[in-house]
Amino acid sequence: MSDCEWLSDRMPVVARGRAEWTPDETRHLGECMSCQREWELVQLATTLGKDVGLTLDPAAIAGRVLRRLQQAREVRRLRRRAWSFAGLAAAAALIAAIWTGGMQGGTSKPPTLGTAVAGRLTIPLPELESLEPAELDSVLQTMDEPGAGSTADDPALGDLNNDELERVLNTWEG
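Everything quoted here is computed from the prediction, not taken from an experiment.

About the cut-offs
- Residues numbered from 1 in each chain as written.
- Predicted model: local features only at pLDDT ≥ 70, side-chain atom pairs only at ≥ 80, totals over all residues.
- Heavy atoms only, no water.
- Helix = DSSP H or I, 4+ residues; strand = E, 2+ residues; numbered from the N terminus.
- Contact = heavy atoms within 4.5 Å.
- Areas by Shrake-Rupley, 256 points an atom, 1.4 Å probe, with all protein chains shown as cover.
- Buried < 20%, exposed > 50% of the residue type's maximum accessible area, 1.4 Å probe, protein only.
- Arc of directions from axis to C-beta.
- Axes fitted to C-alpha atoms, helices over the stretch in contact; angles between N-to-C directions.
- Parallel < 35°, antiparallel > 145°, perpendicular 65-115°, else oblique.
- Nonpolar A, V, L, I, M, F, W, Y, C, P; charged D, E, K, R; others polar.
- Disulfide = S-S within 2.5 Å.
- Patch = residues over 30% accessible without salt bridge, like charges linked within 9 Å, V, L, I, M, F, W, Y side chains within 5 Å.
- Salt bridge = Lys/Arg side-chain N within 4 Å of Asp/Glu carboxyl O.

Caption draft 1: Structural detail: the overall build of the protein. A tally of regular secondary structure across the protein gives 8 helices and 0 strands. Secondary structure elements of the protein occur, N-terminal to C-terminal, as α-α-α-α-α-α-α-α. Once local pairs closer than 6 in sequence are excluded, the contacts in the protein between residues at least 24 apart make up 35%. For the protein, the exposed surface amounts to about 15200 Å²; the carbon and sulfur share of it is 60%.

Caption draft 2: Here's a closer look at helix 2 (residues 23-31). Those residues of helix 2 lying buried are Glu-25, His-28 and Leu-29. Take helix 2 and look down its axis: the buried residues cluster within an arc of 100 degrees, on one side only. Seen from the open side of helix 2, the exposed residues pointing more than 90 degrees away from its buried face are Pro-23, Asp-24, Gly-30 and Glu-31. Among the structural elements, helix 1 (3-15) and helix 3 (33-47) are those in contact with the buried residues of helix 2.

Caption draft 3: Spatial organisation of the environment of Cys-35. Position of Cys-35 relative to the elements: it lies in helix 3. Given a relative accessible area of 2%, Cys-35 falls into the buried group. Through-space distance from the C-alpha of Cys-35 to that of Met-11 is 9.5 Å; in sequence the pair is 24 residues apart. Among residues more than four places away in sequence, those in contact with Cys-35 are Cys-4, Leu-7, Met-11, His-28 and Leu-29.

Caption draft 4: Fine view of the packing of helix 2 against helix 3. Two elements in contact, helix 2 and helix 3, have axes separated by 5 Å at closest approach and are oriented at 100 degrees. The angle between helix 2 and helix 3 falls in the class roughly perpendicular. Counting all contacts with helix 2, which are made through His-28, Leu-29, Gly-30 and Glu-31, the residues of helix 3 involved are Met-33, Cys-35, Gln-36 and Trp-39. Tallied by class, residues from the contact of helix 2 with helix 3 come to 4 nonpolar, 3 polar and 1 charged.

Caption draft 5: Representation of the state of the cysteines in the model. Applying the stated criterion across every chain yields a total of 0 disulfides. Left unpaired, Cys-4 is separated from the closest cysteine sulfur, that of Cys-35, by 3.6 Å. The partly exposed category is assigned to Cys-4, whose relative accessible area is 32%. Distance from the sulfur of Cys-35, which forms no disulfide, to the nearest cysteine sulfur (Cys-32) is 3.5 Å.

Caption draft 6: Region of interest: a nonpolar patch on the surface. A contiguous nonpolar surface patch, about 470 Å² in accessible area, is contributed by Leu-56, Ile-61, Val-65, Leu-66 and Leu-69. One can find Val-65 in helix 5 (residues 58-100). Owing to a relative accessible area of 46%, Val-65 belongs among the partly exposed residues under this scheme.

Written out as structure tokens, the structure reads:
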């Protein structure tokens, strides 16, 4: 280990006051410019953070923490009050709907589940874009019929040979 490495390892211990420089170390420190710069840096580094504990005011910090806790408690209380109000408003709306007969199954027929789902779907079907309205209506009516597109004569996929399967796949792909 060189003198510079030895001095570099001892610098933090000497800077904290736990050891003293030997005469040989002092001589090397006086001669080596690199070690002198490192020693200045170590001395400056040991002074960092000495004043941190003095600037903290425990009473002010405790006051801030208490104010923050009080604000959080107030926010929770307001949220709870808002949810209670929203629940009461929903209950009142439901009671008003029942009271006025808005929930009765009158003349209007509610939409079926399939219609509601189909109304939300947006599936692009480029094959249908070129159809006239009458043709499109015909296709849609055919789709609504039970068992549309399948007959008793249609073979199962397992009954088809490779060429027939390829034709079926080509028709599905468009």
